[in-house]
Amino acid sequence: MTTPEFSRPERIDTIGEPRQVSIEADAAERIGLARRFDLIGIDRLGGAFTIRREAAGIAVDGRVTATLTQACSVTGDPLSGTVDEPVALLFVPAGAHDAEEVELGGGEIDVIPYEGGAIDLGETAAETMALALDPFPRGPGAEAVLKAAGVISEEEAGPFGALTGLKDKLAGR
């Protein structure tokens, strides 16, 4: 297994009472992550977490923030964006718990299995950022390019679009 571009391992044996951990990706790490997630660039990526040991595993709460540039999915034009995502995770030893057996509180929390003696908060931040990205970002010129290529919008393709087309046809437009 290769080390991720942005790795900030926290040894399991050092986690006990709640403590704050802040991380920030350096320039080389951001370049590697931009390549992995097919982004034009990442200007900033960081995380602020509270980590603590619980009976069920290692709880991680906090926020991941980023400033980045994606390519418009239609034109390829650069689009600036930001990420500000909450994180609520429970790391459990791989194979030690079935995800259905882990009793969780009322809040939303993802259960993540880990192997070895550490959890990686850098990879946690990178994956959180990636999941928060718009998978099909569109810039201001995208609609015109799609229309020129003959691609109709969802509104034009749906049942009401067909009725509008019929109405326009009957009106002689």
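The coordinates are above.
Counting from 1, residues in each chain are numbered in the order their sequence is written. Per-residue local features are limited, in this predicted model, to residues with pLDDT of at least 70; the limit for side-chain atom pairs, both in listing and counting, is 80 or more; totals at the level of whole chains, interfaces and linings are taken over all residues. Based on all heavy atoms of the structure, the side-chain values leave hydrogens and waters out of the count.

What follows deals with the sheet that holds strand 4 (residues 57-71). Strands sit in the order 2-3-4-5-6 across an open sheet of five strands; the sheet is mixed. Each edge of the sheet is formed by a strand with only one pairing partner; in this case those strands are strand 2 (19-24) and strand 6 (110-114). Adjacent strand axes in the sheet meet at a mean angle of 30°, parallel and antiparallel pairs treated alike. When DSSP finds two or more bridges between two strands, those strands count as paired. Under the scheme used here, helices are H or I runs from DSSP no shorter than 4 residues and strands are E runs no shorter than 2 residues, and both carry numbers assigned from the N terminus. Inspection of the sheet shows strand 3 (residues 41-54) paired to strand 4 by 13 bridges, in the antiparallel sense. Paired with glycine 47 across the two strands is valine 64, which belongs to strand 4. The sheet contacts of helix 1 (residues 27-36) involve strand 2 and strand 3, and relative to strand 3 the element is tilted by about 100°. On the sheet, helix 2 (residues 121-132) packs against strand 2, strand 3, strand 4 and strand 5 (78-93) and is oriented at approximately 130° with respect to strand 5. Simply put, an axis is a line fit to the C-alpha atoms, just over the touching stretch for a helix, and the angle between two N-to-C directions goes from 0 to 180 degrees. Working rule for contacts: check all heavy atoms of both residues, and any pair within 4.5 Å makes them a contact.

Attention now goes to the nonpolar core. Residues enter a nonpolar core if they are buried and are Ala, Val, Leu, Ile, Met, Phe, Trp, Tyr or Cys, with the set joined through side-chain atoms within 4.5 Å. Think of it in three bands: with a 1.4 Å probe and only protein chains considered, a residue is buried below 20% of the maximum accessible area for its type, exposed above 50%, and partly exposed in between. Grouped together as the largest cluster of nonpolar side chains are 30 residues, with contacts concentrated most on Ile42, Leu45, Phe49, Val60, Ile119, Leu121 and Met129. Secondary structure elements with two or more residues in this core: strand 2, helix 1, strand 3, strand 4, strand 5 and helix 2. Every residue in contact with isoleucine 119, bar those within four places of it in the chain, is listed here: Arg8, Pro9, Glu10, Ile12, Ile15, Ile58, Val60, Phe91 and Tyr114.

With that settled, the discussion passes to the pattern of salt bridges. By salt bridge we mean one thing: a side-chain nitrogen of Lys or Arg within 4 Å of a carboxyl oxygen of Asp or Glu. Here the structure, examined in full by the defined rule, presents nine salt bridges. Across the salt bridge formed by arginine 36 and glutamate 123, the nearest N and O atoms sit 2.8 Å from each other. A residue pair is termed long-range when its members are at least 10 positions apart, and arginine 36 in helix 1 and glutamate 123 in helix 2 qualify at 87 residues. The residue arginine 52 makes a salt bridge to glutamate 54 at a minimum N-O spacing of 3.0 Å. Residue arginine 52 is classed as partly exposed on the basis of its relative accessible area, which comes to 22%.

Worth remembering: the numbers are spatial, not functional.
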